[in-house]
Amino acid sequence: MALKIIVCAKQVPDTNEVKIDPVKNTLIRDGVPSILNHDDANALEEALRIKDLYKDTHITVLTMGPPQAKDMLIECLAMGADEAILASDRALGGSDTWATSNALAAAIRKIGEFDIIFAGRQAIDGDTAQVGPQIAEKLDIPQVTYVTEFEIVDKDIIVKRALEDGYEKIKIGMPCMLTAIKELNEPRYMHIGGIYEATKKEIPVWGAAALGVDLTEVGLESSPTNVFRSFSPAAKGKGIMLEGDCDKDVAKALLIRLKEKHAI
Amino acid sequence: MAIKVINDKCKGCKLCIKACPFDAIDMAGKLAVINEACTACGQCIPACPFDAIEKCEERAAEIVDLSAYKDVWVFVEQRAGKLMNVALELLGEGNKLSREIGDRNVCALLIGHKTDHLIPELYACGADVVYQIDDPLLEKYTTDGYTKVMTDAIREYKPEIVLFGATHIGRDLAPRVAARLDTGLTADCTRLDVNTGNYIQYLNKCTTLDTSSLDPNSEDKNLKQTRPAFGGNIMATILCPKHRPQMATVRPGVMQKLERDETKQGILIKVEPAIVRADIRTEVLEVVKAAKELVSLTDAEIICSGGRGLGDPSGFELITEFAHAVGGVVGSSRAAVDAGWIDHSHQVGQTGTTVKPKIYFACGISGAIQHLAGMQTSDLIIAINKDPEAPIFEVADYGIVGDLYKVIPCLIEEWGNAESLFDACSKTAM
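Residues numbered from 1 in each chain as written. Chains lettered and ligands numbered in written order. Predicted model: local features only at pLDDT ≥ 70, side-chain atom pairs only at ≥ 80, totals over all residues. Heavy atoms only, no water.

**Things to note about the overall build of chain B**
At step 1: A count of helical and extended segments in chain B gives 13 helices and 22 strands.
At step 2: Taking the principal axes of the C-alpha coordinates as reference, chain B spans close to 65 × 65 × 50 Å.
At step 3: Sorting the 430 residues of chain B into buried and exposed places 54% on the buried side.
At step 4: Sequence separation of at least 24 residues holds for 64% of the intrachain contacts in chain B that already meet a minimum separation of 6.
At step 5: Charged side chains of chain B number 45 positive and 59 negative; the gap between the two group centres comes to 4 Å. (Helix = DSSP H or I, 4+ residues; strand = E, 2+ residues; numbered from the N terminus. Buried < 20%, exposed > 50% of the residue type's maximum accessible area, 1.4 Å probe, protein only. Contact = heavy atoms within 4.5 Å. Lys, Arg positive; Asp, Glu negative; His and termini not counted. Charge placed at Lys NZ, Arg CZ, Asp CG, Glu CD.)

This is the structure:
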């Protein structure tokens with residue numbers, strides 16, 4: 001089976017490494033590394049596993065971002081992807097999910113035929129989980145999100161999709177969009193030979209003109225949503241000390257507070 | 001809107017680069033330059049000591065006729081004939097927004113098959129109108145089926161606002177619907193405002209943001225959608241000024257349900273779905289309800305951590321029992337790991353795992369800086385410690401000074417009674 005797979009990935013700042021300055025209540029970004037978004041690594045890994053099984057599989061990794069996103073694409077190539085493409089242009093900057101999906105769908109049309117698009121469920125900087133489904137909509141293909149298990153059966157795909165209280169087993173044909181979560185697999189490391197090969201590969205950079213997107217469909221000005229205000233969450237003040245006549249009363253008082261806050 | 005650097009004023013100090021969450025500022029010689037990663041979040045503006053960065057507000061607003069769009073809609077998600085809790089929370093929030101806009105209908109959009117039994121509950125929880133879309137093909141959720149009937153209904157009835165619970169299904173459906181309608185969507189909101197005065201009050205109470213440029217009496221009726229971004233490190237308020245409907249997914253457990261009113265009646269509008277089997281390109285083979293598997297520390301909603309204050313390794317038996325009772329995961333301080341009481345995989349802190357659960361119980365943990373670094377962004381922190389001077393109390397939302405071996409068993413015993421305790425308490429308050 002010669003499958004064509006496209007993996008959508010994003011380079012993100014490692015938000016777990018971000019600290020808040022306790023005095024100024026601002027972000028400390030110093031030394032925060034840029035990484036391949038976690039869920040996207042799972043998306044790529046699943047594509048690579050298909051390639052392990054069907055050697056003729058061709059994997060293209062696609063990203064949109066600033067020029068330095070190339071570093072992440074090299075990492076993807078070193079993990080075993082065949083090809084990588086960077087959509088990058090000032091005109092694409094500030095795109096919301098609607099505009100981002102327009103640009104990425106245009107890039108996918110330019111890549112040509114495909115059987116499966118894998119994407120991560122969401123990126124850790126925006127946490128929207130919207131771009132995958134919106135690309136699928138623009139390309140008019142079916143989707144399954146939150147995929148935790150993947151299997152090809154005859155000409156169809158059978159996946160497990162996580163729900164809050166269980167899971168669904170879903171059959172979906174190709175071409176389709178699947179979004180991966182951590183439970184899907186354990187991403188592999190780059191291999192040494194792969195790193196060497198990867199740095200030799202050319203990574204095409206496609207601007208808005210190359211993508212053939214209309215400037216009313218991409219970028220900050222065209223995006224339906226925009227940021228009105230942004231701020232740091234309020235610094236935590238000292239909390240409330242709970243007291244009571246006996247331990248039981250204190251425990252009850254705490255539970256009432258938790259219920260009041262909808263925490264439980 | 002866009003962020004611009006005023007070249008004459010920029011001194012090349014790079015403070016803006018440090019403030020930018022998105023790596024969107026580069027240096028070109030001695031000037032800061034905004035690159036395409038910019039989301040116009042505005043974090044750099046106050047960071048600049050030279051007032052060299054500005055946000056260009058919208059060009060003269062294009063005239064778009066949005067007046068045809070009315071009413072607040074809630075997608076009332078049901079699974080196997082049972083309403084999700086978040087659907088009722090959103091009806092409550094919908095009522096608040098409707099009052100702020102000026103008496104719009106709050107409408108429940110009920111999609112499924114054989115859902116009649118849910119309608120009285122929707123009225124009782126605040127729906128003025130129920131749009132019911134019923135078809136055997138809609139019995140189980142499918143992206144294709146639900147997207148089709150929902151976009152058709154939105155096109156016909158033109159709601160101004162559409163809210164979804166940010167559940168796995170809501171987050172699957174909403175982006176698809178928004179893309180088909182070519183409108184904006186804001187994910188995982190934790191606060192919604194229409195009234196600018198209320199929004200200013202919220203900002204003043206919860207942030208240090210300068211609100212002097214906002215007019216509390218503004219006639220602006222745009223939905224101000226506030227959400228955490230950047231791993232919860234910043235909050236952003238998002239607008240969708242020129243497209244309708246304004247759509248948002250909202251985190252479960254954040255908004256308030258209305259007091260149930262069984263006498264309340266509403267209007268039922270049955271919408272005939274235009275759907276055939278071929279519209280649905282996936283097949284749900286099986287829906288399985290499963291008890292939650294043991295989750296890792298990073299995914300846990302509740303963490304019960306123990307520290308040196310446990311006294312000896314057997315203390316973790318109580319912590320484990322506690323975690324089991326509350327549906328949580330066991331964590332620990334470094335001191336307890338170093339003492340050999342528990343495996344390193346449980347360690348929370350700078351050299352362990354960074355966690356952000358909904359509730360973090362710190363039991364017998366003094367609160368060393370390195371531990372705080374790994375848990376202080378938890379939604380709620382509860383500290384139980386003998387020593388009233390322990391630094392952990394400085395970051396705790398609720399503190400209990402006492403013997404954890406006495407307090408925790410009480411918590412385990414009463415945990416299941418929280419609802420009735422709360423009800424009893426609110427009754428006596430009234």
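Let's pick the thread back up.
**Some thoughts on the sheet that holds strand S15 (residues 240-242) of chain A**
At step 1: With parallel pairing, six strands are arranged side by side in an open sheet as S15(A)-S22(B)-S21(B)-S20(B)-S18(B)-S19(B). Here the strands that pair on one side only, and so sit at the sheet edges, are S15 of chain A together with strand S19 (329-332) of chain B. Recorded for the sheet is a direction-independent mean angle of 20° between the axes of neighbouring strands.
At step 2: With four bridges joining them, strand S21 (residues 380-385) of chain B and strand S22 (residues 398-401) of chain B adopt parallel strand pairing. Each residue of the ladder has a partner; that of Ile382 of chain B, found in S22 of chain B, is Tyr398 of chain B.
At step 3: Lying on the sheet, helix H8 (residues 315-326) of chain B is in contact with strand S18 (302-306), S19 and strand S20 (359-363) of chain B; it crosses S18 of chain B at an angle near 170°.
At step 4: Those strands touched by helix H12 (residues 404-414) of chain B are S20, S21 and S22 of chain B, and its axis lies near 135° from that of S21 of chain B. (Pairing = 2+ DSSP bridges. Axes fitted to C-alpha atoms, helices over the stretch in contact; angles between N-to-C directions.)

**Points about the packing of helix H7 (residues 247-260) of chain A against H12 of chain B**
At step 1: It is at 8 Å that the axes of H7 of chain A and H12 of chain B come closest, and there the two elements cross at 55°. Between H7 of chain A and H12 of chain B, the angle is such that the two are oblique. Handedness of the H7 of chain A/H12 of chain B crossing: right-handed. Of the residues in H12 of chain B, those touching H7 of chain A at Asp247, Lys248, Ala251, Lys252, Leu254 and Leu255 of chain A are Lys406, Val407, Cys410, Leu411, Glu413 and Glu414 of chain B.
At step 2: A class-by-class count of the residues in the contact of H7 of chain A with H12 of chain B yields six nonpolar, no polar and six charged. (Parallel < 35°, antiparallel > 145°, perpendicular 65-115°, else oblique. Left-handed = near helix turned anticlockwise from the far one by under 90°. Nonpolar A, V, L, I, M, F, W, Y, C, P; charged D, E, K, R; others polar.)

**Regarding the packing of aromatic side chains**
At step 1: Enumeration over the complete set of coordinates arrives at twelve aromatic pairs over all chains.
At step 2: On the numbers, 4.7 Å between centres and 40° between planes, the contact of Trp73 of chain B with Tyr131 of chain B is tilted. Separated by 58 residues along the polypeptide, Trp73 of chain B in strand S5 (residues 70-75) and Tyr131 of chain B in strand S9 (residues 129-134) bring together distant segments of the chain. Each of the two residues, Trp73 of chain B as well as Tyr131 of chain B, counts as buried.
At step 3: Members of the aromatic cluster, each reached through a chain of ring pairs, are Phe228 and Phe231 of chain A together with Tyr199 and Tyr202 of chain B.
At step 4: Over the aromatic face of Tyr167 of chain A sits the side chain of Lys160 of chain A, whose NZ or CZ is 4.1 Å from the ring centroid. (Phe/Tyr/Trp six-rings, centres within 6.5 Å; stacked < 30°, edge-to-face > 60°. Lys NZ or Arg CZ within 6 Å of the ring centre and 35° of its normal.)

**Topic: the pattern of salt bridges**
Residues and elements named next belong to chain B.
At step 1: Taken as a whole, this structure holds 31 salt bridges over all chains when the rule is applied.
At step 2: As a salt-bridge pair, Glu301 and Lys358 come within 3.6 Å of each other at their nearest N and O atoms. Within this pair, whereas Glu301 is found in the loop between strand S17 (282-289) and S18, its partner Lys358 is found in the loop between helix H9 (334-338) and S20, the two being separated by 57 residues in sequence.
At step 3: In this structure Glu301 comes out as partly exposed when scored by relative accessible area, which is 41%.
At step 4: Taking relative accessible area as the criterion, Lys358 reaches 36% and is therefore assigned partly exposed. (Salt bridge = Lys/Arg side-chain N within 4 Å of Asp/Glu carboxyl O.)

**What to know about the state of the cysteines**
At step 1: Applying the stated rule across the entire model yields zero disulfides over all chains.
At step 2: Not part of a disulfide, Cys125 of chain B finds its nearest cysteine sulfur in Cys107 of chain B, a span of 15 Å. (Disulfide = S-S within 2.5 Å.)

**A short note on the pairing of strand S1 (residues 4-8) of chain A**
All names here are of chain A.
At step 1: In terms of burial, S1 is a largely internal element, four of the five residues being buried.
At step 2: When S1 meets strand S6 (residues 58-64), the two strands line up parallel, connected through five bridges. Along S6, the bridge assignment pairs Ile5 with Ile59.
At step 3: Where S1 lies against strand S8 (residues 116-120), four bridges are found, and the strand directions are parallel. Paired with Cys8 across the bridge in S8 is Ala119.

**Section: the domain arrangement of chain B**
Note: interface size is frequently given as the accessible area lost on complex formation between the parts.
At step 1: When its domains are assigned, chain B resolves into domain 1 (2-56), domain 2 (70-279) and domain 3 (302-417).
At step 2: When each unit is reduced to the centre of its C-alpha atoms, the spacing between domain 2 of chain B and domain 3 of chain B is 37 Å. (Domains from an automatic or database assignment.)

**Some words on the pairing of strand S3 (residues 31-34) of chain B**
On any regular strand, side chains alternate: one points to one face of the sheet, the next to the other face.
All names here are of chain B.
At step 1: Side chains Ala32 and Ile34 of S3 all project onto a buried face; the interleaved residues Leu31 and Val33 project onto a face where none is buried.
At step 2: Pairing geometry for strand S2 (residues 25-28) and S3, over four bridges, is antiparallel. Looking across to S3, one finds that Asp26 is bridged to Val33.
At step 3: Counting the residues between successive antiparallel strands, the hairpin from S2 to S3 contains two residues, one of them, Gly29, with a positive phi of roughly 65°.

**What about the interface of chain A and chain B?**
At step 1: With 91 residues of chain A in contact, the opposing surface of chain B contributes 112 residues.
At step 2: Between chain A and chain B, a total of about 9300 Å² is buried, with carbon and sulfur atoms accounting for 55% of that surface.
At step 3: Counting across the interface, chain A meets chain B through nine salt bridges.
At step 4: Between Lys248 of chain A and Glu413 of chain B there is a salt bridge; the shortest N-O distance is 2.6 Å.
At step 5: Linking chain A with chain B are 42 residue pairs in polar contact (both at pLDDT 80 or more).
At step 6: Secondary structure elements with two or more residues in the side of chain A that touches chain B: strand S3 (19-20), helix H4 (131-139), strand S9 (143-153), strand S10 (156-163), strand S11 (166-172), strand S14 (226-231), S15 and H7 of chain A. (Buried area = accessible area lost by both parts, 1.4 Å probe. Polar contact = N/O pair within 3.5 Å; in protein donor to acceptor, adjacent residues only side chain to side chain.)

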